[in-house]
Amino acid sequence: MSYIDRNLLPSETIIFRTRKSIIIFLVPFILTALALFVSPYMLNNPLLEKLVFAPWIIVGLFWSVNLLEYFTSEYAVTDKRIMMREGFFTRHANEMRLTAISQVNVDQSLIGMMLNYGTVSINAFGAFDAYPLISSPFRFQKTVNQQLDALISNK
């Protein structure tokens, strides 16, 4: 059971849920390709053949850190709050009531637009928090705005 599911209020429902974008695996993927390219050359060099494991240790560390970041980061919009949690070694969790939110911004690069990821910034009255590399950021923003409109129209 995820952090968000465990911390739902009674009668609270999740409207939209997302994770980090898979773009976070780009650096480990490139490092894996480099290690595959370098390893045969290291094996053919008598000075470097004993260090052939070193690139693979670095690649393994990058993969494990990014996998932990991907699987421990979750973002959700409910009918009452925005709930976000990131990180394993250093955890950053934030829950904001929809009534406290004044603005939701999305920043995307050109590659982010093509691959559908970006940074979501939430401005609450007196607070600011940004979450980078979120998958489907405009859908997240749209869901928050729809829930804010629903709250306003119910009053």
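Residues numbered from 1 in each chain as written. Predicted model: local features only at pLDDT ≥ 70, side-chain atom pairs only at ≥ 80, totals over all residues. Heavy atoms only, no water.

A. Seen up close, the pattern of salt bridges. What the rule picks out here adds up to seven salt bridges. Across the pair aspartate 5 and arginine 17 runs a salt bridge whose closest N-O atoms are separated by 2.7 Å. You can see aspartate 5 sitting in helix H1 (residues 3-6) and its partner arginine 17 sitting in strand E1 (residues 14-18), a full 12 residues away along the chain. Put simply, lysine 20 and glutamate 69 hold a salt bridge, and the shortest N to O gap is 3.5 Å. With a gap of 49 residues between them, lysine 20 in the loop between E1 and helix H2 (26-44) and glutamate 69 in helix H3 (residues 53-72) connect regions that are remote in the sequence. Its relative accessible area of 26% is what places glutamate 69 among the partly exposed residues. Salt bridges linked by common partners bring Asp5, Arg17, Glu74 and Arg85 together as one network. (Salt bridge = Lys/Arg side-chain N within 4 Å of Asp/Glu carboxyl O. Helix = DSSP H or I, 4+ residues; strand = E, 2+ residues; numbered from the N terminus. Buried < 20%, exposed > 50% of the residue type's maximum accessible area, 1.4 Å probe, protein only.)

B. Summary view of H3. Taking 1.5 Å of rise per residue, the 20 residues of H3 would be expected to cover 28 Å, and the 28 Å separating its terminal C-alpha atoms lies within 8% of that figure. Looking at H3, one finds that the buried residues are Pro55, Val59, Asn66, Tyr70 and Thr72. (Expected span 1.5 Å × (residues − 1).)

C. Looking closely at the pairing of strand E4 (residues 92-97). In this sheet, E4 lies alongside strand E3 (residues 81-86) in antiparallel orientation, the contact comprising six bridges. Within E4, the position partnered with methionine 84 by the bridge is asparagine 94. Once E3 ends, the chain turns through five residues before running back antiparallel as E4, passing glycine 87 with a positive phi of about 95 degrees. (Pairing = 2+ DSSP bridges.)

Everything listed here is a matter of coordinates, which is why it stays silent on function.
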